[in-house]
Amino acid sequence: MLDIGNTLRRYRDKYNYTQQYVADIIGISRVAYRKWENNEVDFAISQLGKVAELYEVSIPEIIIQSDFQKKQKIPLNRKGHQCY
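Residues numbered from 1 in each chain as written. Predicted model: local features only at pLDDT ≥ 70, side-chain atom pairs only at ≥ 80, totals over all residues. Heavy atoms only, no water.

*Asks:* Could you give an account of helix H3 (residues 30-37), with specific residues and numbers?
*Replies:* For H3, the full list of buried residues reads Tyr33, Trp36 and Glu37. Relative to the axis of H3, the buried residues are bounded by an arc of 95° and lie together on one face. Positive phi appears at Asn39, one or two residues downstream of H3, with a value of about 55°. (Buried < 20%, exposed > 50% of the residue type's maximum accessible area, 1.4 Å probe, protein only. Helix = DSSP H or I, 4+ residues; strand = E, 2+ residues; numbered from the N terminus. Arc of directions from axis to C-beta.)

And the structure:
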């Protein structure tokens with residue numbers, strides 16, 4: 001899983017924007033945007049595109065700058081679940 005939330009937070013801090021300002025630009029609530037920065041929810045590429053436009057970067061650039069969270073590995077054989 002990519003840590004896009006951390007990348008979004010770094011961009012926002014770089015420009016000294018508030019979460020409310022960025023949320024207003026994207027067209028979502030501040031609470032929803034906070035969840036983005038905390039990697040609590042997924043979001044559409046079209047929404048990420050609005051953020052990329054705001055910071056004048058490309059979507060691939062945001063993704064490249066995001067680190068993989070190695071601690072969130074999903075075990076293949078979880079007890080009580082069948083893998084086919």
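Having put the structure on the table, let's press on.
*Asks:* Run through the nonpolar core, naming residues and quoting values.
*Replies:* Within the largest apolar cluster, 16 residues are counted, with the highest numbers of intra-cluster contacts made by Leu8, Ile26, Tyr33, Trp36, Tyr55 and Ile62. Mapped onto this core, the elements with two or more residues apiece are helix H1 (4-14), helix H2 (19-26), H3 and helix H4 (45-55). By residue number, the principal contributor to this core is H4, which donates five residues. Leaving out residues up to four positions away in the same chain, Ile62 has contacts with Ile4, Thr7, Leu8, Tyr11, Leu48, Ala52 and Val57. (Core = buried A, V, L, I, M, F, W, Y, C linked by side-chain atoms within 4.5 Å. Contact = heavy atoms within 4.5 Å.)

*Asks:* I'd like to hear about H4, residue by residue, with values.
*Replies:* When H4 is considered as a whole, its buried residues turn out to be Leu48, Gly49, Val51, Ala52, Leu54 and Tyr55. Taken together, the buried residues of H4 touch H1, H2, H3 and helix H5 (59-65). Just beyond H4, the residue with positive phi is Glu56, at close to 55°.

Shape is all these values report; function is a separate question.
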